[in-house]
Amino acid sequence: MRRLIYVPIIHTMVDMGSTAEALRQESIRRFGAERWAESRRVIDEAWEGIRAKLLGLKLSWERVRIYQDGLPVSGRELEIARDVAAQGSKNYQIVIELVQRGATLMGTESPELLTQEYTHITRIAETQTDAEREEATRSYATESAEILRARDAFIARRIAETLEEGEVGLLFLGMMHEVDRLLPEGIQVEFLIDRLPLREVEER
């Protein structure tokens, strides 16, 4: 049997890469500094809960493969993960901890599709006026759903092709994704926790 444990995640500013500062400023502009700071605290607490639940599974980590939202198939997966973890990403810090326990980190996403997604996000983050922002957001909205579907299909194929019998996959994935619906019947899907009711927080 092949098992996949779905770990719904909340992205933090660190995970946004070079667009993080622009996104932080936009969030503060829209919601205020106090509300933004509170959302960071809630997200940090959520990650502590995710870590505790993962370690409580008591898995044979040598038989675990980790699939990570936003991590391209590149041959440099561990290097990328260590770099992002060192910058303070709670998500990647947990990933590295599990790798140190024996789990295998897998390249998960299509580099080409991630580049398309990143280009749209960067365009929005770098806008200077409300009119530019609205135009960039409209453009993103028309294509984002299609990109998301393509990303989900790629991730599902990647898992189906690499997760072997007797192994457990941990899929760290944002709440907008629906990869679980695309996996073959031979993979038993479980959820670490219910889908987190924090979509509004994630968008800040």
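Everything that follows concerns the structure shown earlier in this document.
An account of the accompanying structure is given in this report.

Conventions we followed
Residues numbered from 1 in each chain as written. Predicted model: local features only at pLDDT ≥ 70, side-chain atom pairs only at ≥ 80, totals over all residues. Heavy atoms only, no water. Phe/Tyr/Trp six-rings, centres within 6.5 Å; stacked < 30°, edge-to-face > 60°. Helix = DSSP H or I, 4+ residues; strand = E, 2+ residues; numbered from the N terminus. Buried < 20%, exposed > 50% of the residue type's maximum accessible area, 1.4 Å probe, protein only. Contact = heavy atoms within 4.5 Å. Core = buried A, V, L, I, M, F, W, Y, C linked by side-chain atoms within 4.5 Å. Salt bridge = Lys/Arg side-chain N within 4 Å of Asp/Glu carboxyl O.

## So, the packing of aromatic side chains
Inference 1: Tallying each qualifying case throughout the model produces 1 aromatic pair.
Inference 2: Between Tyr6 and Phe191, the aromatic rings sit 5.1 Å apart at their centres with planes inclined by 35°, giving tilted as the arrangement. Taken as a pair, Tyr6 in strand E1 (residues 2-9) and Phe191 in strand E5 (residues 187-191) lie far apart in primary sequence, 185 residues in all.
Inference 3: In this structure Tyr6 comes out as buried when scored by relative accessible area, which is 0%.

## Description of the environment of Leu163
Inference 1: Considering the arrangement of structural elements, one finds Leu163 in the loop between helix H6 (130-162) and strand E4 (168-174).
Inference 2: For the pair Leu163 and Tyr67, spaced 96 residues apart in sequence, the C-alpha to C-alpha distance is 10.0 Å.
Inference 3: When neighbours within four sequence positions are excluded, Leu163 is seen to be in contact with Arg2, Arg3, Arg65, Tyr67, Val168, Gly169 and Ile187.

## Considerations on the nonpolar core
Across soluble globular proteins, nonpolar side chains have a tendency to be buried as a group.
Inference 1: Core analysis: the largest hydrophobic core is formed by 30 residues, its most contacted members being Leu54, Val64, Ile66, Leu98, Leu170 and Phe172.
Inference 2: The set of elements that each furnish at least two residues to this core consists of E1, helix H2 (33-55), strand E2 (64-68), helix H3 (77-86), helix H4 (90-100) and E4.
Inference 3: The dominant element in this core, judged by the number of residues it contributes, is H4, at 6 residues.
Inference 4: If we ignore the near neighbours within four places in the chain, the residues touching Ile66 are Val95, Leu98, Val99, Ala103, Thr104, Leu105, Met106, Thr108, Leu170 and Phe172.
Inference 5: Tyr6, Ala156, Ile159 and Ile187 belong to the second-largest nonpolar core, a separate cluster that totals 13 residues.

## Focus on the pattern of salt bridges
Inference 1: Taken as a whole and assessed by the stated rule, the structure comprises 11 salt bridges.
Inference 2: Note that Glu164 is salt-bridged to Arg65, the shortest N-O span being 3.7 Å. Separated by 99 residues along the polypeptide, Glu164 in the loop between H6 and E4 and Arg65 in strand E2 bring together distant segments of the chain.
Inference 3: Take Glu164: its relative accessible area is 44%, and that puts it in the partly exposed class.
Inference 4: Salt bridges here are not isolated pairs; linked through shared partners, they connect Arg63, Arg65, Glu164 and Glu167.

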